[in-house]
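Listed below, chain by chain, are the residues.
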Amino acid sequence: KHHQNAVILSKGLYSHFVTTIANRKLSNKLIWHLQDLISSRYGGILLKLINHLAKIGPNYIICDGNSIFESLNNYNKAKAKIIINGIKKDFFQRSNKQRKSGRKEFSIPKNAYVIGHVGRFTPWKGQLELVEAFIDYSKQNSQAILFLVGAPIFDSDSYLNKIKIKISNYGLNDKIILAGFQSDLNKMYSMMDLFIYPALEKDTSPLSLLGALSCGLPVTISSIESLEEIIEMFPEISLFNPLNKIDIINIFQMFEEEKVRIELSNSIKLDFKKHFDFKIHIQKMMEVINTVK
């Protein structure tokens, strides 16, 4: 009410609901930044509700992935645009100093092969599938460590506890490390030899994955549809079926050699600057903001 004719940029499903209701009788311009792929479960009721609100609420919709754009009806697609997330190219930097200090902090041998992941602990992120594959893989590679960073933000602890019990039952607490929430991602990325992203569904341009790509970590990604934009921009990245244990184990084996990891790392650094630099993201966002002003 105090800022008539302002441009409101809404992020997060809760904010989309609130801003649409609050702005219904005001002259402010509203932009939704849709970063969640709405499930079509339960007969698609939630998807229909979001499309209805999108029709009457925002003047423009920014989707951070093609799968989100395709979930909109034709009316809403006409006022929507796909803008992939971006990261400052030098924001995340790996270093030997942080690698050594991080591995010392978590009691990881300096010659260990560390397979890492960063993400919220929730079933569709796929950490359980990683753990189950690693249990079998650890029998053939005693130098391997699975290093999982993240916490069950917005969720209960039940999924995390299920993973903890499985790790404990197999006696692998020293081989599968649950680091919890960590704010120093530079250190976390520095400790890793391979970054694996095992999402099972509905993930679009996730920032932890972009962070790993931006600092030149060798990366491998699950072959789900919602990650297709990243897959297309990085054709050199190996893909795997996150529901196929053998597929995941093959990825673990593929990157055991440091030479293979270095070659992929160098290629990723070149591609990242062309597609995901934050300057490109800002420019595209400002084009939308200036359109609705």
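Check the entry above for the structure.
Every value quoted in this text rests on a predicted model; they were computed, and no experiment measured them. (Residues numbered from 1 in each chain as written. Predicted model: local features only at pLDDT ≥ 70, side-chain atom pairs only at ≥ 80, totals over all residues. Heavy atoms only, no water.)

**Student:** Can you help me understand unusual backbone geometry in this one?
**Tutor:** Trans is the common state for peptide bonds, and a negative phi is the common state for residues other than glycine. The phi angle at Asn-5 is positive, at roughly 65°, despite the residue not being glycine. The topology assignment puts Asn-5 in the segment before strand E1 (7-11). Of note, Ser-107 is a non-glycine position whose phi angle comes to about 55°, a positive value. Residue position: Ser-107 is located in the loop between helix H5 (96-105) and strand E5 (113-118). (Helix = DSSP H or I, 4+ residues; strand = E, 2+ residues; numbered from the N terminus.)

**Student:** Teacher, can you tell me more about the environment of Tyr-60 here?
**Tutor:** Turning to its location among the elements, Tyr-60 is positioned in strand E3 (residues 60-63). With sequence-adjacent residues up to four places away left out, Tyr-60 is seen in contact with Leu-30, Ile-31, Trp-32, Lys-79, Ala-80, Lys-81, Val-288, Thr-291 and Val-292. (Contact = heavy atoms within 4.5 Å.)

**Student:** Whenever I open this one, the packing of helix H6 (residues 127-137) against helix H7 (residues 158-169) confuses me. Can you help?
**Tutor:** The description of two helices packed together rests on the angle between their axes and the distance between the axes. Across the interface, H6 lies against H7 with an axial gap of 10 Å and an inter-helix angle of 5°. With respect to their mutual orientation, H6 and H7 come out roughly parallel. Touching Gln-127, Leu-128, Glu-129, Val-131, Glu-132 and Ile-135 of H6 are Tyr-159, Lys-162, Ile-163, Lys-166 and Ile-167, all from H7. Of the residues that constitute the contact of H6 with H7, the class distribution is six nonpolar, one polar and four charged. (Axes fitted to C-alpha atoms, helices over the stretch in contact; angles between N-to-C directions. Parallel < 35°, antiparallel > 145°, perpendicular 65-115°, else oblique. Nonpolar A, V, L, I, M, F, W, Y, C, P; charged D, E, K, R; others polar.)

**Student:** Help me understand the pairing of strand E2 (residues 29-34), please; the structure alone is not making it clear to me.
**Tutor:** E2 sits mainly inside the fold: five of its six residues count as buried. Where E1 lies against E2, five bridges are found, and the strand directions are parallel. Following the sheet pairing, Leu-9 is matched in E2 by Ile-31. Assessed by its sense of winding, the connection that carries the chain from E1 through helix H1 (residues 13-22) to E2 is right-handed. Both E2 and E3 contribute to a ladder of four bridges, which runs parallel. (Buried < 20%, exposed > 50% of the residue type's maximum accessible area, 1.4 Å probe, protein only. Pairing = 2+ DSSP bridges. Right-handed = clockwise from strand over helix to strand, strands pointing away.)

**Student:** Is there a simple way to think about the environment of Tyr-189 in this case?
**Tutor:** Following the sequence through the fold, Tyr-189 ends up in helix H8 (residues 185-191). Of the residues examined, Tyr-189 reaches a relative accessible area of 1% and is grouped as buried. Considering only alpha carbons, one finds Tyr-189 and Lys-97, 92 residues apart in sequence, at a separation of 12 Å. Look past the residues within four positions of Tyr-189 in its chain and what remains in contact with it is Phe-92, Arg-94, Val-118, Phe-195, Leu-207, Ser-208, Gly-211, Ala-212, Cys-215 and Leu-217.

By themselves, these are just geometric observations and shouldn't be taken as functional.
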